[in-house]
Amino acid sequence: MENRGLKPFRGRSEPFREGTPSYNGRVPFTVRDFQAADFDTLWRIDQACFPAGISYSRAELRLYMRRRASFTLIAVSGEPDAAIAGFIVAEAGARARGHIITIDVIAAARRFGMGSLLLRAAEDRLISAGCRSVELETAVDNAAALLFYKRHGYSVVTTYPRYYSNGVDASVLEKTLV
Ligand SMILES: CC(C)(COP(=O)(O)OP(=O)(O)OC[C@H]1O[C@@H](n2cnc3c(N)ncnc32)[C@H](O)[C@@H]1OP(=O)(O)O)[C@@H](O)C(=O)NCCC(=O)NCCS
């Protein structure tokens, strides 16, 4: 997640992608592109996913989602309500480097493969945009995120001291895409 705090940092429809067979053991989920009406739900999910000082203000989240080369993918549960249960914001940056700005899955939907589905979808999109590698930051005390990213082939390359506005350091992770 990009620069949550210190400096203000941290579309079109694509076909629905099948998730792992289910989440909650019974509700299928899919990934789609962001629509404007989703914004408030995403902000509320971000507030619930991160502590104060790391979660984004509405303005920060909007800023990152609107960056020229950024995109947002949404994970929704299946019928009947098609509720948003997670999202990812990423950016195809300069020098063929992608950046995961944030990935958020609601607590009730975790450990069912939704984060993995979102991450793979974003990596595919970055590759399509010409990225050869991807990087991200996460709080050094976010053990779940560090395990999640390592499971997906990311490696810690450095640490940014006091990166977040609550004073916590960030681990910087990278992965070669192609
Ligand atoms: C990190 C996060 C996105 C993972 O989403 P998820 O849908 O639970 O991830 P998945 O179900 O795809 O997990 C894939 C693998 O990652 C690892 N993993 C994920 N969460 C883990 C946890 N809490 N503890 C240990 N390993 C974990 C496991 O290896 C898992 O595979 P397994 O369930 O078969 O053991 C989610 O926990 C989250 O939104 N957290 C709050 C926001 C956050 O910290 N985002 C990341 C920083 S930007």
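The following paragraphs examine the structure supplied in this document. (Residues numbered from 1 in each chain as written. Predicted model: local features only at pLDDT ≥ 70, side-chain atom pairs only at ≥ 80, totals over all residues.)

**As for helix H1 (residues 39-49)**
Step number 1: Along H1, the residues that are buried comprise Leu-42, Trp-43, Ile-45, Asp-46 and Cys-49. Seen end-on, H1 carries its buried residues on one side only, within an arc spanning 160°. Set apart from the buried face of H1 by more than 90 degrees, the exposed residues are Asp-40 and Ala-48.
Step number 2: For H1, the elements touching its buried residues are helix H2 (58-65), strand E4 (84-92) and strand E5 (97-105). (Buried ≥ 20, exposed ≤ 12 C-beta atoms within 10 Å, placed from the backbone. Helix = DSSP H or I, 4+ residues; strand = E, 2+ residues; numbered from the N terminus. Arc of directions from axis to C-beta. Contact = placed C-beta atoms within 7 Å.)

**Digging into the nonpolar core**
Step number 1: Ranked by size, the top nonpolar core spans 47 residues in total, and within it Leu-73, Ala-75, Ile-88, Met-114, Leu-118 and Ala-122 carry the most contacts.
Step number 2: Each residue touching Ala-122, except ones within four places of it in the same chain, is listed here: Leu-73, Ile-88, Ala-90 and Ile-100. (Core = buried A, V, L, I, M, F, W, Y, C linked by C-beta atoms within 7 Å.)

**Focus: the pairing of strand E6 (residues 133-139)**
Step number 1: In terms of burial, E6 is a largely internal element, five of the seven residues being buried.
Step number 2: Summarising the sheet, E5 and E6 pair through three bridges and their orientation is parallel. Each bridged residue has a counterpart across the sheet, and for Arg-97 the counterpart in E6 is Ser-133.
Step number 3: Between the parallel pair E5 and E6, the chain is carried across by helix H3 (residues 114-128), and the sense of this crossover is right-handed.
Step number 4: Relative to strand E8 (residues 170-176), E6 is paired through seven bridges, and the arrangement is antiparallel. Each residue of the ladder has a partner; that of Leu-136, found in E8, is Leu-173. (Pairing = 2+ DSSP bridges. Right-handed = clockwise from strand over helix to strand, strands pointing away.)

**Regarding H3**
Step number 1: When the terminal C-alpha atoms of H3 are compared, their 21 Å separation across 15 residues agrees well with the 21 Å that a helix rising 1.5 Å per residue should span.
Step number 2: Three or more residues of H3 are buried, namely Met-114, Gly-115, Leu-117, Leu-118, Leu-119, Ala-121, Ala-122, Glu-123 and Leu-126.
Step number 3: Two residues or fewer past H3, Gly-130 is found with a positive phi of approximately 95°. (Expected span 1.5 Å × (residues − 1).)

**Here we look at unusual backbone geometry**
Step number 1: Backbone geometry places Arg-111, a non-glycine residue, at a positive phi of 65°.
Step number 2: Assignment of secondary structure puts Arg-111 in the loop between E5 and H3.
Step number 3: Positive phi, normally seen in glycine, also occurs at Arg-162, with a value near 45°.
Step number 4: The topology assignment puts Arg-162 in the loop between strand E7 (155-160) and E8.

**A word on the environment of Lys-150**
Step number 1: Looking at the secondary structure, you find Lys-150 in helix H4 (residues 143-151).
Step number 2: When the C-alpha positions of Lys-150 and Leu-173 are compared, they lie 8.8 Å apart, and in sequence the two are 23 residues distant.

**A short note on the pairing of E5**
Step number 1: Judged by how many residues are buried, E5 sits mostly within the fold: eight of nine residues are covered.
Step number 2: Bridging between E4 and E5 involves seven bridges; their strand directions are antiparallel. Counterpart to Glu-91 in the pairing with E5 is His-99.
Step number 3: Counting the residues that bridge the hairpin from E4 to E5 gives four residues, and of these Arg-95 lies at a positive phi of roughly 55°.

**Things to note about the environment of Asn-142**
Step number 1: Turning to its location among the elements, Asn-142 is positioned in the loop between E6 and H4.
Step number 2: Judged by the 18 C-beta atoms lying within 10 Å of it, Asn-142 falls in the partly exposed class.
Step number 3: With 28 residues separating them along the chain, Asn-142 and Ala-170 place their C-alpha atoms 9.3 Å apart.

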